[in-house]
Amino acid sequence: GLTTVAVDSYSFDVSALGYIGYSEDVDYSMTEIELGGTLVSPGEERDIKQQFAGIAFGKGELSDSGGSADLTEFSGGGHIYFDEGGTAIPFLSIWSTISDLDDSILDPQLGLRFGGGVEFPFGTSAAASLGADYLIPLVDAEDATGLIQASADGLAIRLGVRFVL
């Protein structure tokens, strides 16, 4: 599938020697490609009908009033669908995410994105997707000395199209 972030609310914190030196809300934009497989569970008695597991690669940008930085994200995770046979299929999602600021002295940040959304199938091989997720940093980005640390967290609303091959 292909997704893009439509609305965001992210904060970016930088600290040195454990003291916060910079904290600001930033604009987060991302375009992401997801590849994976779907397991379909037959049977009317089960609420969970499908599970999607995959990997995602994204390129984007963090920007504020002072400038911007390119961002690369690698994720692994998936969706659990609750298909009741209607036109909208709700899902829960959880992704482990590695976020790396390009051309930065900082190592990547490891985080966890969790959320949910709704897919709207059209035809048998495609669906429009609307979802929201929240990124929680688990391991902050830091420089080689460990003296400077940075973390980003926040809410993103994602729009996308999923294709079935």
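Just so it is clear, the structure is predicted and the values come from calculations on it, not from any experiment.

Caption draft 1: Here's a closer look at the pairing of strand E3 (residues 50–64). When E3 meets strand E4 (residues 67–81), the two strands line up antiparallel, connected through 15 bridges. Looking across to E4, one finds that Lys59 is bridged to Thr72. Linkage of E3 to E4, two consecutive antiparallel strands, is achieved through a turn of two residues.

Caption draft 2: The pattern of salt bridges, seen in detail. Enumeration over the complete set of coordinates arrives at eight salt bridges. Between Glu119 and Arg162 there is a salt bridge, and its shortest N-O distance comes to 2.7 Å. Within this pair, whereas Glu119 is found in strand E6 (residues 109–121), its partner Arg162 is found in strand E9 (residues 148–163), the two being separated by 43 residues in sequence. Of the two residues examined, Glu119 and Arg162, each falls in the buried class. Residues joined by salt bridges that share partners form a network here, namely Glu32, Glu73, Arg113, Asp133 and Arg158.

Thresholds, definitions, all that
- Residues numbered from 1 in each chain as written.
- Predicted model: local features only at pLDDT ≥ 70, side-chain atom pairs only at ≥ 80, totals over all residues.
- Heavy atoms only, no water.
- Pairing = 2+ DSSP bridges.
- Helix = DSSP H or I, 4+ residues; strand = E, 2+ residues; numbered from the N terminus.
- Salt bridge = Lys/Arg side-chain N within 4 Å of Asp/Glu carboxyl O.
- Buried < 20%, exposed > 50% of the residue type's maximum accessible area, 1.4 Å probe, protein only.

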